[in-house]
Amino acid sequence: MPSVHDNIILSYEVDLENERIRMRTRSYHSELLSDDTDILFSDVLAHSFDTPLQGSIIFDIDDVGLDCFISYNRELLEKGKGQGWPIIYETDEELETKLIEGKYLYFVITSSYGLSGWVLAKKVEIITKMRNEQDEE
């Protein structure tokens, strides 16, 4: 996956109907001084974002592994279980099995400043365009 280290988050859109999250970011590390990069999560089951601030800076996005999802999110899972969140399940083992069988990945977004969180999705794509390419569209 191409690096999005130090990209600034311009916006993000959560499309619940189509199970997608699009995060628009900008890098100032390129020779042209500004590449726009979309981070597109697809087949999203659940997500959680904390402290979204203007000028949020991504440190990294890592596929941490489903084995960490339950232990890292114990409190959220306990709160959401009675509401069928993120899915209906009885035990932690059943939840983990359903996520593995569904081929979900656990992406953790860490920040240098501002927004951090995670996304449970089947796929992530990094799409980079130089700003002058976007202006031609």
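What counts and how
- Residues numbered from 1 in each chain as written.
- Predicted model: local features only at pLDDT ≥ 70, side-chain atom pairs only at ≥ 80, totals over all residues.
- Heavy atoms only, no water.
- Helix = DSSP H or I, 4+ residues; strand = E, 2+ residues; numbered from the N terminus.
- Contact = heavy atoms within 4.5 Å.
- Areas by Shrake-Rupley, 256 points an atom, 1.4 Å probe, with all protein chains shown as cover.
- Core = buried A, V, L, I, M, F, W, Y, C linked by side-chain atoms within 4.5 Å.
- Buried < 20%, exposed > 50% of the residue type's maximum accessible area, 1.4 Å probe, protein only.
- Phe/Tyr/Trp six-rings, centres within 6.5 Å; stacked < 30°, edge-to-face > 60°.
- Salt bridge = Lys/Arg side-chain N within 4 Å of Asp/Glu carboxyl O.
- Polar contact = N/O pair within 3.5 Å; in protein donor to acceptor, adjacent residues only side chain to side chain.

Let us now look at the overall build of the chain. Counting its secondary structure elements, the chain contains 4 helices and 8 strands. Its helices and strands in sequence order give the chain the pattern β-β-β-β-β-α-α-α-β-β-β-α, from N to C terminus. Of the contacts made within the chain by residues no fewer than 6 positions apart, 61% connect residues no fewer than 24 positions apart. Accessible surface computed for the chain: about 8,200 Å², of which carbon and sulfur atoms make up 47%.

In terms of nonpolar packing, the biggest core is built from 17 residues, with Met23, Ile39, Phe41, Ile61, Ile109 and Val119 touching the most fellow members. Elements supplying a minimum of two residues to this core: β2 (20-27), β3 (35-42), β5 (57-63), β6 (105-113), β7 (116-121) and β8 (123-130). If sequence neighbours within four positions are ignored, Phe41 has contacts with Glu19, Arg20, Ile21, Ile61, Phe107, Ile109, Val119, Ala121, Lys123 and Val124.

So, on to the packing of aromatic side chains. For the coordinates displayed, the defined rule picks out 7 aromatic pairs. Centre to centre, the rings of Phe69 and Tyr106 are 5.2 Å apart; their planes meet at 75°, and the pair counts as edge-to-face. With Phe69 in helix α1 (residues 66-72) and Tyr106 in strand β6, the pair connects residues that are 37 residues apart, well separated along the chain. Residue Phe69 shares its accessibility class with Tyr106, and that shared class is buried. Clustering of aromatic rings is evident, with ring pairs tying together Phe69, Tyr72, Trp85, Tyr106 and Trp118.

Moving on, we come to the pattern of salt bridges. Tallied over the entire structure, the rule returns 7 salt bridges. Taking the shortest distance from any N to any O, the salt bridge between Asp15 and Arg20 comes out at 3.5 Å. In this structure Arg20 comes out as partly exposed when scored by relative accessible area, which is 37%. Measuring nitrogen to oxygen at the nearest pair gives 3.5 Å for the salt bridge that ties Lys79 to Glu75. With Lys79 and Glu75 both in helix α2 (residues 74-80) and 4 residues apart, the pair spans about one turn of that helix. Sharing partners across several salt bridges, the network here consists of Arg22, Arg24 and Asp38.

A few words now on the environment of Lys81. Tracing the sequence through the fold places Lys81 in the loop between α2 and α3 (92-101). For the pair Lys81 and Thr91, spaced 10 residues apart in sequence, the C-alpha to C-alpha distance is 10.0 Å. Not counting the four nearest positions on each side in its chain, Lys81 is found in contact with Tyr89, Glu90 and Thr91. A polar side-chain atom of Lys81 sits 2.5 Å from the main-chain carbonyl oxygen of Glu90.

In this fold, Gly65 is placed in the loop between β5 and α1. Sequence-wise, Gly65 and Tyr104 are 39 residues apart; in three dimensions their C-alpha atoms are separated by 9.3 Å.

Attention now goes to unusual backbone geometry. Most peptide bonds take the trans form, and the phi angle of most residues other than glycine is negative. Looking along the chain, the bond that leaves Trp85 and enters Pro86 is cis, with omega of -5°. Along the chain, Pro86 falls in the loop between α2 and α3. The residue Asp6 is not glycine, and still its phi comes out positive at about 70°. With a phi angle near 55°, Asp43 is a residue other than glycine that sits in the positive phi range. Within the element layout of this structure, Asp43 appears in the loop between β3 and β4 (46-50). The partly exposed category is assigned to Asp43, whose relative accessible area is 36%.

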